[in-house]
Amino acid sequence: MAVASEQATSICSHCDRAIPSFNLDLHVAHCSRKLEKCKICGDMIPIKHADEHFLSTHAPVPCSLCSETVEREVLAVHKGENCPQRILTCEYCEFPLPAIDLFKHQEVCGNRTELCQLCSRYIRLCERNVHESRCNGGTNNITESSSDRVIPASNLDLHAAHSFRKLEKCKIYGDMVPKNHAEEHFLSTHAPVACSLCCEPMERDVLEVHKGENCPQRIVTCEYCELPLPAIDLFKHQEICGNRTERCHLCSRYIRLCERHVHESRCNGGTNITAESSRNTIPAERDDGSPRRQPHDDSKKRLLFTIAVTGITVLFGSLFFQRKTLDS
């Protein structure tokens with residue numbers, strides 16, 4: 001006979017898991033005695049391994065590159081995406097250097113020139129991709145009587161006469177331009193113009209690309225606060241802005257903005273659950289930004305205090321005994 005319905009389940013008040021109702025009491029007794037919920041990530045951890053879990057996952061550790069203190073679980077993300085001292089390579093010369101210095105280096109490096117093998121012109125590296133997509137080696141193939149087009153043989157002489165008389169090849173990109181519009185073509189396409197943002201001179205046909213991708217004064221927005229500011233100031237601004245904190249609406253901890261996406265992908269609101277465990281755990285985070293205490297910090301202080309009090313008592317006892325002996 002087929003099973004009519006699934007087994008009834010109940011939610012464990014300690015770990016919030018669905019447990020078969022007939023086994024709930026036994027589970028709760030075991031769960032409350034053996035497990036505790038991590039107040040940072042919300043995972044259920046064996047009580048005897050709670051300190052090990054904290055130290056291996058949530059303990060603050062310094063970044064070996066910039067010495068900034070971050071939680072161990074986000075250290076790899078910090079080193080790979082946010083650390084200002086992580087090593088990146090320049091897209092123009094492939095030279096490795098710290099991320100904090102990359103923008104200024106590329107601003108200088110991208111303005112170096114390189115000889116185009118097709119047209120024998122010197123092109124700035126920051127405009128090389130745009131130039132290569134358009135260049136057809138026109139300056140190496142200029143002829144005075146041909147437009148390099150396929151023409152029916154029966155009409156070739158007439159076309160050549162017309163082409164020679166009416167057209168000329170642009171010496172920059174090789175386009176065929178009417179002779180009476182050649183100057184207009186040069187001024188509207190290839191004439192050097194100054195960028196209205198940074199005043200740097202460049203060819204008119206790459207001006208839009210420069211303003212959109214390479215200009216250090218182009219306006220970009222901070223990914224954390226969406227403040228518009230010049231691209232040359234973006235890295236330093238985001239380095240400071242990304243270290244601001246914001247309260248997570250799931251777990252009520254204060255999270256740095258540069259680690260927000262990583263935290264949101266892992267957070268399950270564990271710090272809102274305040275079920276009692278058989279012993280105290282380390283506080284999840286302090287709102288005042290003070291460093292988190294390490295496990296057993298209080299017990300060490302109590303031990304030192306006990307030793308000090310015992311030593312003082314022994315000292316006063318020996319002095320009192322010596323004085324009483326001398327008096328007698």
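The structure presented is a predicted model; accordingly, all values stated were derived computationally and were not measured. (Residues numbered from 1 in each chain as written. Predicted model: local features only at pLDDT ≥ 70, side-chain atom pairs only at ≥ 80, totals over all residues. Heavy atoms only, no water.)

Within the chain one finds eleven helices and 18 strands. Burial analysis of the chain (328 residues in total) assigns 33% to the buried set. Contacts spanning at least 24 positions in sequence make up 25% of the contacts within the chain whose residues lie at least 6 apart. Roughly 21,800 Å² of accessible area belongs to the chain as shown, and the carbon and sulfur atoms make up 55% of that amount. (Helix = DSSP H or I, 4+ residues; strand = E, 2+ residues; numbered from the N terminus. Buried < 20%, exposed > 50% of the residue type's maximum accessible area, 1.4 Å probe, protein only. Contact = heavy atoms within 4.5 Å. Areas by Shrake-Rupley, 256 points an atom, 1.4 Å probe, with all protein chains shown as cover.)

What follows deals with the confidence of the model for the chain. Predicted confidence across the chain gives a mean pLDDT of 75, with 78% of residues reaching 70 or more. In the model, residues 1-5 has pLDDT below 50 throughout and makes zero contacts with residues more than four positions away in sequence or in other chains. For the stretch residues 271-296, pLDDT sits under 50, and the model shows 55 contacts to residues farther than four places along the chain or on other chains. (pLDDT = per-residue confidence, 0-100.)

UniProt tags residues 303-321 as "transmembrane region" (unreviewed entry). Taken end to end, residues 303-321 is 100% helix and 0% strand, and its first and last C-alpha atoms sit 27 Å apart. (UniProt positions renumbered as here; feature names shortened; annotations may be inferred.)

Here Arg 256 lies in strand E18 (residues 254-256). Arg 256 sits in the buried class, given a relative accessible area of 13%. Excluding residues that lie within four positions of it along the chain, Arg 256 makes contacts with Glu 68, Thr 69, Val 70, His 78, Gly 242, Asn 243, Arg 244 and Thr 245.

Taken as a whole, helix H9 (residues 231-241) has its buried residues at Ala 231, Leu 234, Gln 238 and Cys 241. The arc that holds the buried residues of H9, viewed along the axis, is 65°, so those residues lie on one side. Opposite the buried face of H9, at more than 90 degrees from it, the exposed residues are Lys 236 and Ile 240. Taken together, the buried residues of H9 touch helix H4 (99-109), strand E15 (219-221) and strand E16 (228-230). (Arc of directions from axis to C-beta.)

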